[in-house]
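An overview of the molecular structure
Here is what each chain is made of, one letter per residue.
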Number of protein chains: 4
Amino acid sequence: MAKEVFCEPDFSFDDDSLHEECGVFGILGHNDAATLTALGLHALQHRGQEAAGIVSYDGTVFHQEKHMGLVGDHYTNPKTLANLPGDRAIGHTRYSTTGETALRNVQPLFAELEVGGIAIAHNGNLTNGLTIRRQLIASGAICQSTSDSEVVLHLIARSRHAKSSERFVDAIRQIEGGFAMIALTRSKLIAARDPVGIRPLVMGELDGKPIFCSETCALDIIGAKYIRDVENGEVIICQLQKNGEITINTIKPKDRKPEKLCLFEYVYFARPDSIIGGRSVYNARKNMGIYLAKEAPCEGDVVVPVPDGGTPAAIGYAQQSGIPFELGIIRNHYVGRTFIEPTQQIRAFGVKLKHSANRPVIEGKRVVLIDDSIVRGTTSIKIVQMLREAGAKEVHIRVASPMIFYPDFYGIDTPEAAKLLANQYPDLKSMCEFIGADSLQFLSLDGLYMAVGGEVRNNADPQFTDHYFTGDYPTRLVDQENADNVHKLSVLNCG
Amino acid sequence: MAKEVFCEPDFSFDDDSLHEECGVFGILGHNDAATLTALGLHALQHRGQEAAGIVSYDGTVFHQEKHMGLVGDHYTNPKTLANLPGDRAIGHTRYSTTGETALRNVQPLFAELEVGGIAIAHNGNLTNGLTIRRQLIASGAICQSTSDSEVVLHLIARSRHAKSSERFVDAIRQIEGGFAMIALTRSKLIAARDPVGIRPLVMGELDGKPIFCSETCALDIIGAKYIRDVENGEVIICQLQKNGEITINTIKPKDRKPEKLCLFEYVYFARPDSIIGGRSVYNARKNMGIYLAKEAPCEGDVVVPVPDGGTPAAIGYAQQSGIPFELGIIRNHYVGRTFIEPTQQIRAFGVKLKHSANRPVIEGKRVVLIDDSIVRGTTSIKIVQMLREAGAKEVHIRVASPMIFYPDFYGIDTPEAAKLLANQYPDLKSMCEFIGADSLQFLSLDGLYMAVGGEVRNNADPQFTDHYFTGDYPTRLVDQENADNVHKLSVLNCG
Amino acid sequence: MAKEVFCEPDFSFDDDSLHEECGVFGILGHNDAATLTALGLHALQHRGQEAAGIVSYDGTVFHQEKHMGLVGDHYTNPKTLANLPGDRAIGHTRYSTTGETALRNVQPLFAELEVGGIAIAHNGNLTNGLTIRRQLIASGAICQSTSDSEVVLHLIARSRHAKSSERFVDAIRQIEGGFAMIALTRSKLIAARDPVGIRPLVMGELDGKPIFCSETCALDIIGAKYIRDVENGEVIICQLQKNGEITINTIKPKDRKPEKLCLFEYVYFARPDSIIGGRSVYNARKNMGIYLAKEAPCEGDVVVPVPDGGTPAAIGYAQQSGIPFELGIIRNHYVGRTFIEPTQQIRAFGVKLKHSANRPVIEGKRVVLIDDSIVRGTTSIKIVQMLREAGAKEVHIRVASPMIFYPDFYGIDTPEAAKLLANQYPDLKSMCEFIGADSLQFLSLDGLYMAVGGEVRNNADPQFTDHYFTGDYPTRLVDQENADNVHKLSVLNCG
Amino acid sequence: MAKEVFCEPDFSFDDDSLHEECGVFGILGHNDAATLTALGLHALQHRGQEAAGIVSYDGTVFHQEKHMGLVGDHYTNPKTLANLPGDRAIGHTRYSTTGETALRNVQPLFAELEVGGIAIAHNGNLTNGLTIRRQLIASGAICQSTSDSEVVLHLIARSRHAKSSERFVDAIRQIEGGFAMIALTRSKLIAARDPVGIRPLVMGELDGKPIFCSETCALDIIGAKYIRDVENGEVIICQLQKNGEITINTIKPKDRKPEKLCLFEYVYFARPDSIIGGRSVYNARKNMGIYLAKEAPCEGDVVVPVPDGGTPAAIGYAQQSGIPFELGIIRNHYVGRTFIEPTQQIRAFGVKLKHSANRPVIEGKRVVLIDDSIVRGTTSIKIVQMLREAGAKEVHIRVASPMIFYPDFYGIDTPEAAKLLANQYPDLKSMCEFIGADSLQFLSLDGLYMAVGGEVRNNADPQFTDHYFTGDYPTRLVDQENADNVHKLSVLNCG
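Keep in mind that this is a model prediction, so the values were computed, not measured. (Residues numbered from 1 in each chain as written. Chains lettered and ligands numbered in written order. Predicted model: local features only at pLDDT ≥ 70, side-chain atom pairs only at ≥ 80, totals over all residues. Heavy atoms only, no water.)

**Brief notes about the overall build of chain A**
Condition: By the criteria applied, helices consist of DSSP H or I runs no shorter than four residues and strands consist of E runs no shorter than two, each listed in order from the N terminus. Here's how the labels work: a residue is buried when its accessible area is under 20% of the maximum for its type, exposed when over 50%, partly exposed in between, all with a 1.4 Å probe on protein chains only. Working rule for contacts: check all heavy atoms of both residues, and any pair within 4.5 Å makes them a contact.
In terms of regular secondary structure, chain A is built from 18 helices and 24 strands. Relative to its full complement of 495 residues, chain A shows a buried share of 65%. Contacts spanning at least 24 positions in sequence make up 69% of the contacts within chain A whose residues lie at least 6 apart.

**Quick look at the sheet that holds strand β13 (residues 235–240) of chain D**
Residue and element names in this part refer to chain D. Under the convention used in this document: A pair of strands is treated as paired once DSSP finds two or more bridges between them. Whenever a helix is involved, its axis is fitted only over the stretch in contact; in every case the axis is a line through C-alpha atoms, and angles between N-to-C directions fall within 0 to 180 degrees.
Ordered by their spatial adjacency, six strands build an open sheet running β6-β7-β8-β9-β13-β14, and the pairing between neighbours is antiparallel. Among the strands making up the open sheet, the edge pair consists of β6 (109–113) and β14 (246–251). Across the sheet, the mean angle from the axis of one strand to that of its neighbour is 20°, orientation sign disregarded. As paired strands, strand β9 (residues 188–193) and β13 are joined by five bridges and run antiparallel to one another. Bridge assignment links I190 to a residue of β13, and that residue is I237. Here helix α5 (residues 148–158) sits on the sheet and contacts β6, β7 (116–126) and β8 (177–184); the angle it forms with β7, its principal contact strand, is near 140°.

**Some details on the domain arrangement of chain A**
As a reminder, the rule being used: An automatic or database domain assignment supplies the start and end points of every domain.
You can read the domains of chain A as domain 1 (2–260) and domain 2 (279–473). The distance between the C-alpha centroids of domain 1 of chain A and domain 2 of chain A comes to 32 Å.

**Notes on the sheet that holds strand β6 (residues 109–113) of chain C**
Residue and element names in this part refer to chain C. As summarised here, the arrangement of the six strands in space is β6-β7-β8-β9-β13-β14, forming an open sheet in which the pairing is antiparallel. Edge strands, defined here as strands with exactly one partner in the open sheet, are β6 and β14 (246–251). Recorded for the sheet is a direction-independent mean angle of 20° between the axes of neighbouring strands. With respect to the sheet, helix α5 (residues 148–158) is in contact with β6, β7 (116–126) and β8 (177–184), its orientation differing from that of β7 by roughly 140°.

**Some details on the confidence of the model for chain A**
Residue and element names in this part refer to chain A. Cut-off, in case you're wondering: pLDDT is defined as a per-residue confidence score from the predictor, taking values between 0 and 100.
Here chain A averages 89 in pLDDT, and 89% of its residues register 70 or above. Scored below 50 in pLDDT, residues 1–14 makes 93 contacts in the model with residues more than four places away or belonging to other chains. Under a pLDDT of 50 for its full length, residues 485–490 has, in the predicted model, eleven contacts with residues more than four places off or in other chains. Overall fold confidence for the complex sits at a pTM of 0.87, while the interface term, ipTM, reaches 0.91.

**Looking at the nonpolar core**
Operational definition: Throughout this description, the term nonpolar core refers to a set of buried Ala, Val, Leu, Ile, Met, Phe, Trp, Tyr and Cys residues connected via side-chain atoms within 4.5 Å.
In terms of nonpolar packing, the biggest core is built from 151 residues, with F264(A) and F264(B) touching the most fellow members. Among all residues touching F264(B), those that are not within four sequence positions of it are L18(B), F269(B), S373(B), I404(B), I412(B), Y468(B) and F469(B). I383(C), V306(D), A392(D) and I435(D) belong to the second-largest nonpolar core, a separate cluster that totals 150 residues.

**Notes on the UniProt feature "active site" (unreviewed entry) in chain A**
Residue and element names in this part refer to chain A. As a reminder of what qualifies: UniProt positions are given in the numbering used here, feature names are shortened, and annotations may be inferred rather than shown by experiment.
Within this numbering scheme, the UniProt entry marks C22 as carrying the feature "active site" (unreviewed entry). For C22, the location among the structural elements is in strand β2 (residues 22–28). Note on C22: relative accessible area 3%, which makes it buried. Among all residues touching C22, those that are not within four sequence positions of it are R47, H92, T93, R94, H122, N123 and S214.

**Description of the pattern of salt bridges**
In plain terms, the rule: For salt bridges, the criterion is a side-chain nitrogen of Lys or Arg within 4 Å of an Asp or Glu carboxyl oxygen.
Applying the stated criterion across every chain yields a total of 88 salt bridges over all chains. Between R47(A) and E265(A) there is a salt bridge whose closest N-O contact spans 2.8 Å. Residue R47(A) is found in the loop between α1 (33–43) and β3 (51–57), and its partner E265(A) is found in helix α8 (residues 263–269); the two are separated by 218 residues along the sequence. Here R47(A) and E265(A) have matching classes, each one buried. Where R476(B) meets E481(B), a salt bridge forms, and the shortest distance between an N and an O atom there is 3.2 Å. Several salt bridges converge on common partners, so that one network encompasses R47(A), R199(A), E215(A) and E265(A).

**Comments concerning the packing of aromatic side chains**
Note the cut-off: Classification of ring pairs uses Phe, Tyr and Trp, with its six-membered ring standing for Trp, and accepts pairs whose centres are within 6.5 Å; under 30 degrees between planes counts as stacked, over 60 as edge-to-face, and the remaining range as tilted. Two conditions define a charge sitting above a ring: the NZ of Lys or the CZ of Arg must be within 6 Å of the ring centre, and it must be within 35 degrees of the ring normal.
What the rule picks out here adds up to 50 aromatic pairs over all chains. Taking 5.4 Å as the distance between ring centres and 65° as the angle between the ring planes, the aromatic pair formed by Y449(C) and F464(C) counts as edge-to-face. With Y449(C) in helix α16 (residues 445–453) and F464(C) in the loop between α16 and α17 (467–470), the pair connects residues that are 15 residues apart, well separated along the chain. Each member of the pair Y449(C) and F464(C) is classed as buried. Pairing F264(D) with Y468(D) gives two aromatic rings, centres 5.0 Å apart and planes at 90°, and the pair type is edge-to-face. Here Y468(D) lies in helix α17 (residues 467–470) and F264(D) lies in helix α8 (residues 263–269), a separation of 204 residues in the sequence. Accessibility classification places F264(D) together with Y468(D) in one group, the buried group. Members of the aromatic cluster, connected to one another through ring pairs, are F264(A), Y268(A), F269(A), Y468(A) and F469(A). Over the aromatic face of Y291(B) sits the side chain of K294(B), whose NZ or CZ is 4.8 Å from the ring centroid.

**Some thoughts on helix α9 (residues 281–295) of chain D**
All names here are of chain D. Let me state the cut-off plainly: One less than the residue count of a helix, multiplied by 1.5 Å, gives the span that helix is expected to have. For this analysis, a polar contact is any N or O atom pair within 3.5 Å, provided that within protein one partner can donate a hydrogen and the other can accept it, and provided that sequence-adjacent residues contribute only side-chain to side-chain pairs.
Its 15 residues place the ends of α9 21 Å apart at the C-alpha level, agreeing with the 21 Å of an ideal helix rising 1.5 Å per residue. Within α9 the residues assigned to the buried category are V281, Y282, A284, R285, K286, M288, G289, I290, L292 and A293. Of the residues that open α9, the one with a side-chain oxygen 3.3 Å from the backbone nitrogen of Y282 is S280.

**Concerning the pairing of strand β10 (residues 202–206) of chain B**
All names here are of chain B. Taken across its five residues, β10 has four buried, putting it largely inside the fold. Bridge count between β10 and strand β12 (residues 225–229): four bridges; the pairing is antiparallel. Directly across from V202, in β12, lies its bridge partner D229. Pairing between β10 and strand β11 (residues 209–213): five bridges, direction antiparallel. The residue bridging L206 from the neighbouring strand is K209, located in β11. Where β10 folds back onto β11 in an antiparallel hairpin, the turn is made up of two residues, including D207, whose phi is positive at roughly 50°.

**Regarding unusual backbone geometry**
With omega at 0°, the peptide bond leading from Q107(C) into P108(C) counts as cis. Within the secondary structure layout, P108(C) lies in the loop between β5 (88–94) and β6. Omega for the peptide link from P307(D) to D308(D) comes to -10°, which places this bond in the cis form. Following the sequence through the fold, D308(D) ends up in the loop between β17 (302–305) and α10 (311–321). Its identity is not glycine, yet D207(A) carries a phi of approximately 50°, on the positive side.

**Re the packing of helix α4 (residues 129–138) of chain A against helix α5 (residues 148–158) of chain A**
All names here are of chain A. Spelled out, the test is: Just so you know how the angles are binned, under 35 degrees is roughly parallel, over 145 roughly antiparallel, 65 to 115 roughly perpendicular, and the rest oblique. If you view the pair so one helix is near and one far, a crossing is left-handed when the near helix is turned anticlockwise from the far one by less than a right angle, and right-handed when it is turned clockwise. Gly counts as polar in this scheme, as do all residues outside two lists: the nonpolar Ala, Val, Leu, Ile, Met, Phe, Trp, Tyr, Cys and Pro, and the charged Asp, Glu, Lys and Arg.
Put simply, α4 and α5 touch, their axes get as near as 10 Å, and they point 50° apart. When the axes of α4 and α5 are compared, the pair comes out oblique. Judged by the twist between their axes, the crossing of α4 over α5 is left-handed. Seen from α4, the contacting residues are G129, I132, R133 and L136; seen from α5, they are D148, E150, V151, H154, L155 and R158. A per-class count over the contact of α4 with α5 returns four nonpolar, two polar and four charged.

**Some words on the environment of A183(C)**
Counting through the fold element by element, A183(C) comes out in strand β8. Sequence-distant contacts of A183(C), defined by excluding residues within four places in its chain, comprise I90(C), I118(C), A119(C), I120(C), F168(C), K188(C), L189(C) and I190(C).

**Some words on the pairing of strand β2 (residues 22–28) of chain B**
Residues and elements named next belong to chain B. For β2, a buried count of seven out of seven residues is recorded, marking the element as mostly surrounded by other parts of the structure. In terms of strand pairing, β2 meets strand β5 (residues 88–94) through seven bridges, oriented antiparallel. Following the sheet pairing, G26 is matched in β5 by I90. In this structure, β2 lies alongside β11, joined through three bridges in antiparallel fashion.

**With respect to the environment of N493(C)**
Along the polypeptide, N493(C) turns up in strand β24 (residues 492–494). Since its relative accessible area comes to 36%, N493(C) is described here as partly exposed. Here the alpha-carbon distance between N493(C) and A284(C), two residues 209 residues apart in the chain, equals 43 Å. With residues near it in sequence (within four places) discarded, N493(C) still touches V61(B), F62(B), H63(B) and Q64(B).

**A few points about the state of the cysteines**
Rules: Here, two cysteine sulfur atoms that lie within 2.5 Å of each other are counted as a disulfide.
For the structure shown, the criterion picks out zero disulfides over all chains. C143(A) carries a free sulfur, and the closest cysteine sulfur to it, the one in C143(D), is 13 Å from it.

What follows is the structure, given as structure tokens:
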């Protein structure tokens, strides 16, 4: 099959997966700031495909470009990059959680303060964002977007502190939830991570200049060196001095507890070549397959991944079980990147637009099908059916993560709880019947903890954020406690 | 990593692969003709991503839609499909071999004849196309496009035969080269394959209605049944009778010789889940890896494919050698589908935009790198360098096909001969040095024949088309013999 | 009111006027050939607003640009003009008579002949175009467009003559109807006008280089000098010699009769500042108003034109009658140039989107309303109603041309005969009632002849083409005689 | 010349005219609110062609559409209007005074307040806008746009009053300058006009529902009845009661002084069919011509307007002087509406792209050329030259307004003072030489006052705003007094 080409996405008429909101990147003091930011965002594209924005500062004026679509669609254009002069820049790539795909929601967001401009880029979700927003509006603030990030911007603008970095810290102290945030002021690049450390944020360095980004893959693409993770609750302030030197200061909470990274970063979100919390995502996924093979062995002829998410776990499962790994499902790389609503006839072809069975590998075989996770189960049904039509003798599903029961409030876009497969059926057997497989097994929670961290779950104080499996939320849920907040917004409908 | 999304293509600044020209699809007598054609073309998207067209006939009028871009970009749109009424349709997806990406070259091409309209869709290349074109112009024909298909259309229009199907056969008799052609007249769907059988063309059936398409994957996506390959030199004429029945007639050459399919369909072009000439493409590729492991064994710690083309061979190599298969290179699915010329800085990142090394898998390891083929070698250099930067102890390249020495004239877009790696260096050792690998081995020609067909090459009468490896062209090269033809054309430059 | 801006067109939901098809322009030997052609076409924009094209020749290769929309939308772009190098160019601006607004119908049309390329641009309509087209298809020609011009191109391509200019003359001899045609070969600029001289075509000169164009206003915009009209039946061949000199040869029919220009050019089509057949269009229109005032005097307080067509006649009527000329109707210059079908509510506002009554001028007044012509009368109804709502005491319509009874076949897009006002009502009185005016008078045919040419109509051999008023067609109507031709075409529907 | 057509604007490479910023429209309680608003904005298109926006409220949610371009380009689209449900709406059409043509500056602007949403649309300019903006930012407000209207929105959001209408009045009290403002809250349509009454704003009624708009022509297009002008300093609050009745309250300043409308509305901005301050704009302009003929008589053969602005005055001049009115300059209606920067060659044709001389009217004549105003004089030079090239024996310019010396701060976009013709030359004679005319005369200030208001200027307390002629500003210029404000803004450059 031709190598060069591709181009998907979507056709996700029957959306059966989770989505994260964003990737962030920032660099200070480098002459190719905007270009490096564009490349970093390109490497973080899997964290958000709806839109991307970059803000740079040239010593006098801030510059901004925001575009719907992929990074590579716009930010390879010499004209676009020429509009972003300066040796410091931050960028953001966005996945839209709401239906509103408006440019005004594209980050970084910018505000002109009395003390100078500030731009911020944010991955995550605040658990008290609506509550603060309501207070802001009550005191006369005008909110233009529906994003949490604007709330932070208002807190900065209203802070009584003099310096922009102090205002930023002041604002960070008031928000709760999961966040990885980068800010650019005239002379500073600032990074902040939420107190629990739910969302990832790493620090790197290129030619001696500091970089912050969501994942290490954004360092790799530009040949930058990984330094360390930003710690949970930490604020790092890099300042370009007048002599050209960069000073780096860090503010850490006194009573810092161990970070609890979101397990779904390992299961599904992060790129396999990234290192998150010091652990290889690829190895973690392969381990999930290995533990899965131990916990849920299966008589089978071939191990087949649901591409591409299930592939590392399938390699692990195959190595552990000795059953050969085969590409029994071929992915169509050209799923159209279009917002056109397809005809009913085409919609009916659903999963086949994206995947097709590789009949010679499947026919007459007992297939061990490895998927990374099951959300609603609707895709699983179609894949099992497709494999059976291709002649599979048996289809045994092995899922490389536990069942999902609870919604997320830290930046993952989850369907409503009632639509989750695990909440629709009382037991494995009925789920398996629903999906139409011959057997169905999920990785245990401890299996997942072992695969990722090498230890079973400490139930008293879990090592990771895992509420979607357990209901054990790592923070208060302020907005949820004030449920009337939730539907208060979006009084303006932009057609 | 997020499953849903993707969207590449391109960023092929440093184009180091081969391209084929087209995929074709046609169906007669089915109420969803245009929708099924769109889906079939979507499955054939890997054969051409520049543009796609569909012509349908509704019993009274022919309808046409042609669009630059991917099938999924346009042909999922209910409006577009509603513009293609009727129970018979043919479609074409195009890869542009020339710089001119103009709508007027997008197929199917249509002509109004005295006996009614005819549309044709063509995959391949004529070896006497320019020669015929010169004759046509001399006798007063006006050529609007630069495509071979227009030449065929003129031959049909000028044929003295009465019926359109007879005219089509008359035209087919005059052309030489590699072609898989589908035509639609008011009541007939006609398929023709070149006398040697270089380009593939299969026949299928859905709800009792005949289908022709380039590969079986286009049958699978719509749940159609594979019937047989169109034979080399065969013309099949399906006619919708007034009573609604469909009659099928076939015209075969008397002295038919065995077909000689293009080996590159197996090595690279066809989708792995397709069955070409009765052979699984995936299995053929896996076999190439198996034979490669036998011919060119290697002390290594991990077998790593150059994704996605090298993956099946890598699986075969790993199974045969016992060295574990690992995803040591991660592919970025979001390479931008844009025609914007990127900045020099971004261009410099070259292969990294598409691929990244998965460091934890590579670091300190002896890597056996499997690629499907090497054309110019420029990408190989960068991949080896990337793996070394990720800490690979050794990099041994094993290529699942022989060295390429000769250009193609049957529909594959090859670089000029002098730029082919095999023509630039006298021996393996110097090629290996050029690429920077620790060792380099290619699959032997007999190894490839064994992997695909189970027999070594019959040098007296080879079982496959293999001139790119051997210089042994399966037909005359008429236009090449009249070399002055070649630059005669494109007197009109459409800006 | 702001001077600068404007931008209409259209909103012609209720189309009640005639349209002509095209304007043409060509120049040979001038370094700014494409730029001058673009400017000339801009001055001819009133003859066609759908699309514009330019073909240039740089001594080696022909270059082409074709764009939907206005000349100023595309041909001011430096990139576009840079794509049109060379010192000779021809251009065309097109009004679409059919619903199909496809680029493939945009002129100039180009063909590569054995003797080199040729491009042609054409204003008018052939009366034997369909008949020839049928013959061409029967003998194997492939027609890509639905335009008459392609027929001419085929005749040129099939001519047995050696030189392209001889082939052009050969083709011209075979066609009938009304046409003004310009052709560009590698070294020649050729102009031809139909034997009757229905459509205008003038010759000018800039810096010693020959120019042909539809009207003198295209000479004025570039500061070129008017030389003479191309005569009816004449072919003028300008050739650029190798020494840079330009030779001009002319071929005239032996038995040339006096030309008979289309009267509607004077009444409505031509720009008022053009000189057609040696007569000022503005003065002709003003004269129509003067004769109208003599033939159809009226007791009134104000003379009000229907802008902009009726303005010169209204000035003439006011001067002759002594009734003051006032702008009683204001035209909205910003009628949107959009293909969006408006909502029913907006459509209902019809004429008001384009015109509004100037109440202080109208209120309590007896209005003498001057229009250039009445086609269907539907607009007149609405204007009368609008004036009455604005308080007009009386509305007397005076039309500066005779009643229209017959369709045109020489390039004017006329509604079907039954929809013409003059064919719907038996007498002036009932037409006046239909329109709702207090009185209605048309200029007499002799009045029009006097206004334009200074003599009454020579009924034995009329001085002008006037069949829309009289049914007296100046040529045979070959295609009409073979009525089955008419609906033979457009077998292909491009959605 | 074809009637139907259209479409300019611009080609204003050599911009030599004044521009106003906006037109506003609002309606309460009518089922076709958005459609009527679109039509009203279409009639106000001459006040701003860059962009247009509409906000509607459907009883639950506010809806918004904003588009660059003309009203007719977008707001005739059924889909667009369907996105604007509800029986109340306000709209805005914008002329951009700055280079930044960004959607975020397109009005109406919207804010969600604690008490519900509010949208505002504004024509004019605040003289203390920057001063307030600086105060707002100092107290933590975030400004997204660069428009004065956002300042008003912030004042509303921060007001301590409970009801949105009270907040609006509170905000209006704090701003200074020239403004005509319309606001929409959930149940109220509010209109406000500046204390001096510089910008126009009228009240009308359709089917018993209140309407506010900039000019009466927006009432005429929808057949609405004019009620009265909003008075200077007045705020009118229309509220839709729960029983469907509409109550109307008005708040007037106690010590209201007579309004002083901007004279340039009469000279140039307003549509000729509008009634401003109870006076017909057309009649005012015709009167300017009449007074001009009295003040500055001229021996001439023809009176020729510079179209279209000079036409009414030319009619007046002709009637008063007895010299015949003729269309000696023809306007090209098709000046392209494009943002493409034209080539230098085309730019050089300057005024000819928009205007052409009607030679038969001009040749050998003494031309009295009537223009509405002269700003920089650069266009006048070209027009005089064009007339001379067309054979004019003499060209005498008569300008229907006085010389312009001073910049405007109330919503008119004036060139810097030094570029105004009147500031570049010491006397009429040298101006006339610069322009190249045979004579040059301007209407006197008293002549203009007589033409518009029937009385000479009361120098102690002028009846109109006339500072561009006199330097006599009708308000304080707060921002100008704090000159450092001026360049404080636009810290963010959106490429």
